[in-house]
Structure formats: structure tokens, C-alpha cells
Amino acid sequence: MAAVRVSSRSGLPSLLIYLGIGVAIGQDGIGVVFNDVGLTQVIGYAALVVILAEGGLGTKWKQIKPALPAAAVLSTLGVAISVGVTATAAHYLAGMEWRQALIIGAVVSSTDAAAVFSVLRNVPLPSRLTGVLEAESGFNDAPVVILVVAFSAAGPVEHWYVLIGHIALELAIGAAIGLAVGWLGAYGLRHVALPASGLYPIAVMAIAFTAYAGGALAHGSGFLAVYLAALVLGNAKLPHSPATRGFAEGLGWIAQIGMFVLLGLLVTPHELGDDILPAVVVGLVLTMVARPVSVFLSTTPFRTPWPEKALLSWAGLRGAVPIVLATIPMVAGVPDSRRMFNIVFILVIIYTLVQGPTLPWLARHLKLRDDEAKDLGIESAPLERLRGHLLSMTIPENSRMHGVEVAELRLPAGAAVTLVVRDGTSFVPLPSTVLRRGDELLVVATDPVRDKAELRLRAVGEGGKLAGWLGTTGGPGRGLAGNAARKPSGAAGKPSGTGGKAPPSGGRPPASGGRPPASGGKSTRPAGKPPGAGDKVKAPEGKPTGPGGKATVSGDEPTGPGGASAAKPGTEPSGEPPGKAMGNMKRQ
């Protein structure tokens, strides 16, 4: 537990702490002798499957969709460039033979999913950069594993075009199996009610592992298959999704701890002295030349700004993946494989210590930090017999839902906020209840409008009460369902104003769902708010007036009896029974 807290607060990937624990237990520490390379490789592969599954489940499709082309190029062309530059440096500067140099270049060219996910949790980067880094770390393990196995095989390496065709075929098979297993698994979990909620996380992880097994048995990339299957499952709006992600994150931590401790046990520190200088040289070329060149060339077609290219170059974190891959030539019996393992181990330790803690500093100086509102983290639980869903959510600190009234959420018909928990006190909200940061909301929605309700909640969380007017949709690339029905007030979608005419320039758009102005000068009002008593209200400058010069009321200023303004947002006592907030107001 202490190691986890130190890792999360310092910005260091957790591998350093757990590798240190393994080294302390090992031969030069307490004295535990461990030399089973084959077992280390098997456990390392299993841990990588869990880590990739956890990463896929936690990756948002909306975030990585725009980044997929760049991530795909970085994971293929970028890896090839990095391997070539690093292998050349290892051959000419470190004096390694070409076979060993190519293995070193391939091993260290993969960014580590666990290290990237661990650091990005604490660095608020723009979503486009986070999407590229997460997708790249999930994709590039597959081609790198194929390269390392090919270079470690006995006999000469195949012609480059044969090797490229082999890599492309394995990636295509793995992608097809991963997408198919993920889609079928999501379809099954949505249509089959499991007897206990605790079975959903287990079922999701089992489906992800099945994708890896299917990809490996079909001679495809199992690592790509498991990541894509988990990506599909994580974005399929399955029951108990947040609980599933929490379960997967816990398994990911267990996998990281076990794998890193085991790798630390495999290292013999007193043998590392002679390999420090080659590791520093190869790592320097990798970090300052190979990675920047691969990023700059791979992202050129996408017109990536120079500051983003610089950050992507520095954020190519290495971790346990290169160390695990360094066991492949040891198992294959490649000459000098122990030396290669030591070089990779030293390189990963040194440059992770340099890159991890300095990434937030670099992002800040490049002005690439992003402090946008956090996602609402909506959790859904199906009500099978009632044909509905319970949506629970907490309003984050920076959410624009703060200060919005319940009526201004404009949830679709069939969905309603039924309970609010504030400061440990629960109450049933009124339409005029003002939502605040930290509030926990319970929303009930029928099956047909469940997705529309979630989209609307996310849209308000991102854009506030005017989310529909400002174009905020709450979903990737699509508007809110039902937006056409929530046009400004007026018959047949016409703009409100006297006689259905558009309001004067400068007037605020009326609250969606409001009625057209009635004859006789009564004020328009948001749906669900008590009407005024017909008293005249002085129209503020720039606001539209109804017939007879009486002001129409904007969605932000409902009137109460006698023309008095209704309770302002924030006047309702926190946690009080909501009847007091409506006082003597007349109900419709």
C-alpha cells in the first residue's frame, strides 16, 4: 500500500518501487536465488494480458477515436524507425553484433502500457494527446513482440518484405478476433441477466482473456486482440461498468506487483556494473534521437503542432514490457542474451527515473496541461422486472453541472432525478433544486430513454445548462437524441416572441420546453416552474417583451406569485426537505 501511494504522488511508474522490492529480496539482498527465465516469461505475458485488458476497459472511445490514425502509424512506422535508429547506435556505439543490436532496438522500442496509464492518471493532458499515448501503448506491443521473436529465432532473419507481411497478417488476425469477441461478449452481457452483480466484472475479464487465447491460437496477435476486445467492452455501456473497471484496475495492480517483483528477483545487481555505460548510451540515443525522429515523421501527415510532438517524444515511457521481452532471447538461447537483459534493465530504470517525474513539468511549460471538467462517471444498474435503469453519478469539482437547476437538465420524458445526496443528507429534489459540486444523483430512466438520459447528463456536465444551444452533445460525433423536439419555445418549433416571431437581438434563448407566450401578456416560463400571477415585470435591457409590453421571462429568471422573483439558485438549504423552497408558490 505504501508503494502505491508513493508511486501515485511522485509521478513515478510503480515498476521502480516493485522492481526495487524484488532486487532487495533477491540474490544480492536477502539471498533468495531465482533463475527460472521461462517461468518469468510466462508470468510476464499473463500480467501483460491483464494490464492491457485493464487499459482497454478504462480507455474512452470518444477520447481515442480522433487519435487512432496517429497511434496506428506510431505503432507501426514509428516502431520501425525507432528499431532502426536504436539498433544502429547499439552496433556502432556499444559494439554489439547486428543480431543483438536489432534485438535491443526492438525490445526497447515498445512503450509500456502500465507505465503510460500510471503516469497519465496524474498528468492532465489534452484528450487528443492522452488518446494517442494510450492507444499507442496498447497497439505497439503486438508488432514489437513479433519482431523480437523473429530476431531471436535460430537462423538468418527473413527478407524484410516477408517479415512485414507476416507482421501485417498477425495484426489483422488479432484485430479481427479482438473486435469480434468484444462485440459478441458485449451483446451477450446486455441481453443475459446474470444472477449476481459481482459476476459482471468476472465475465468481462473472462471475455477479454478469451480474445487473447483466440488470437494466439489463430497465429495472430493475442496482445492486440485482448486490448481491442477490452476497448469494445469498456465502451459498450454494460451493466455495472464502473464496478467492472474498478475490479480490472485491482487485477492490474496485482499483475504489475507480481511481474515487477519477479523481474527484480531475476536480476543480479553485482553483474550490472560493466553494462551501465552501454545502457546509458543506447538509452540516450533512444530518448533523444530515435523516439523524437519516429514521432516527428509519424505525426507529420496529421499536422500535429510542434509542442505536442515534443511532448509525445518525451512521453514514450518504458517499463516492464521491455524487460519481459528481454527474456525472449534468453529462452531462445541467443548468445549474450544475459548481457542484453542487463542493458535493458538498466536503461529502463535510468530513463524512467528521468522521464516520469519531468513529464508534468514539460507539459506545463509547453502549455499543454488540461484542467477540463472530469467525466461524471455514471454508473448504471438494470431493473430487469421494471424495464428501467438506475443511473447514479457524482458531480465532479470542475463540472459545469454545478449551479444548474434540476428542471434545466431537460431530461427526456421517461427519466427523472429521484434523489440527491448532499453532505451526507438525502432528499427528493424539486424542479427548482440547484445542483452543486459533490452532489450524488440517482436518476431513474426507462429502457427506451436510458441512453438519451445519459447523453444529456454528460452534455450538461460538459456545457452547463445551455449545452444544447452551445452544441455540446455529451457523445462522440452525434447530437443529443431528441434535440429536434427541444427547440426554442413556439409552435412547431418557431422561435418565441410576440406572435411566434423571433425575439429581438440580444435576447437570451428561452428555456427549452417553455410554452409560447399566452395572449394577455402572461410571462413565458420554463417547464415545471409555477406561473406568475399575471403581474407586469419590468423587462431588463435587451430582453424580449410580450404583448402589452410585459416581459417574457428567461429560463434563468422564473417569476413567482405577485410578480416576485422565484427562489434564486442556492437559496434552498442544503439537505432540507425540499417543500420549504417552494413556500407559498402556486402549483400548476
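Structure first, text after, so check above.
Fair warning: this is a prediction, and the values are worked out from it, not measured in the lab.

A. Spotlight on the pairing of strand E5 (residues 440-446). By the alternation rule, side chains of E5 split into Leu441, Val443 and Ala445, which are all buried, and Glu440, Leu442, Val444 and Thr446, of which none is buried. Alignment of strand E2 (residues 388-394) against E5, held across 7 bridges, turns out to be antiparallel. Bridge pairing links Gly388 to Thr446 in E5. Relative to E5, strand E3 (residues 415-422) runs antiparallel, the two being bridged by 6 bridges. Across the sheet, the residue bridging to Val421 is Glu440, located in E5.

B. Local environment of the pairing of E3. Bridge count for E3 against strand E4 (residues 425-427) is 3 bridges, and the pairing is antiparallel. For Val421, the partnering residue across the bridge sits in E4 and is Ser426. Counting the residues that bridge the hairpin from E3 to E4 gives 2 residues, and of these Asp423 lies at a positive phi of roughly 55 degrees.

C. Here's a closer look at a nonpolar patch on the surface. Among the surface-exposed residues, Leu284, Met288, Val289, Val293 and Leu297 lie close enough to one another that they form a single nonpolar patch of about 430 Å² accessible area. Take Leu297: it is sitting in helix H14 (residues 276-299). Relative accessible area serves as the criterion here: at 49%, Leu297 is assigned to the partly exposed category.

D. Representation of the environment of Ala90 in the model. Within the secondary structure, Ala90 is located in helix H5 (residues 68-92). Look at Ala90 and you get buried, because its relative accessible area is 0%. The sequence separation of Ala90 and Val281 amounts to 191 residues, and the corresponding C-alpha distance is 8.1 Å. With sequence-adjacent residues up to four places away left out, Ala90 is seen in contact with Gly95, Met96, Ala101 and Val282.

E. Representation of helix H19 (residues 450-463) within the structure. The terminal C-alpha atoms of H19, which comprises 14 residues, lie 20 Å apart, in line with the 20 Å expected from a rise of 1.5 Å per residue. Of all 14 residues that make up H19, 11 are buried, and the element is covered over most of its length. Regarding H19, the residues found buried are Arg450, Ala453, Glu454, Leu455, Arg456, Leu457, Arg458, Ala459, Val460, Gly461 and Gly463. Gly464 sits one or two positions beyond H19 and adopts a positive phi of about 80 degrees.

Thresholds, definitions, all that
The numbers attached to residues start from 1 for each chain and follow its sequence in the written order. In view of the model being predicted, local features appear only for residues whose pLDDT reaches at least 70, and side-chain atom pairs are presented and counted only at 80 or more, with totals across whole chains, interfaces and linings using the full set of residues. Neither water nor hydrogens contribute to the side-chain values; these are computed over all heavy atoms in the structure. When accessible area is computed with a 1.4 Å probe and restricted to protein chains, residues below 20% of their type maximum are described as buried, those above 50% as exposed, and intermediate ones as partly exposed. The helix and strand labels rest on DSSP assignments: H or I over at least four residues marks a helix, E over at least two residues marks a strand, and numbering proceeds from the N terminus. The criterion for strand pairing is that DSSP finds at least two bridges linking the strands in question. For patch detection, residues must exceed 30% relative accessible area and be free of salt bridges, and they are connected within 9 Å for like charges or within 5 Å for nonpolar side chains (Val, Leu, Ile, Met, Phe, Trp, Tyr). Where accessible areas are quoted, they stem from the Shrake-Rupley method and a 1.4 Å probe; at the residue level, only the protein chains shown are allowed to cover. For salt bridges, the criterion is a side-chain nitrogen of Lys or Arg within 4 Å of an Asp or Glu carboxyl oxygen. Residues are treated as being in contact if the distance between any of their heavy atoms lies within 4.5 Å. Any helix carries an expected span of 1.5 Å times its number of residues minus one.

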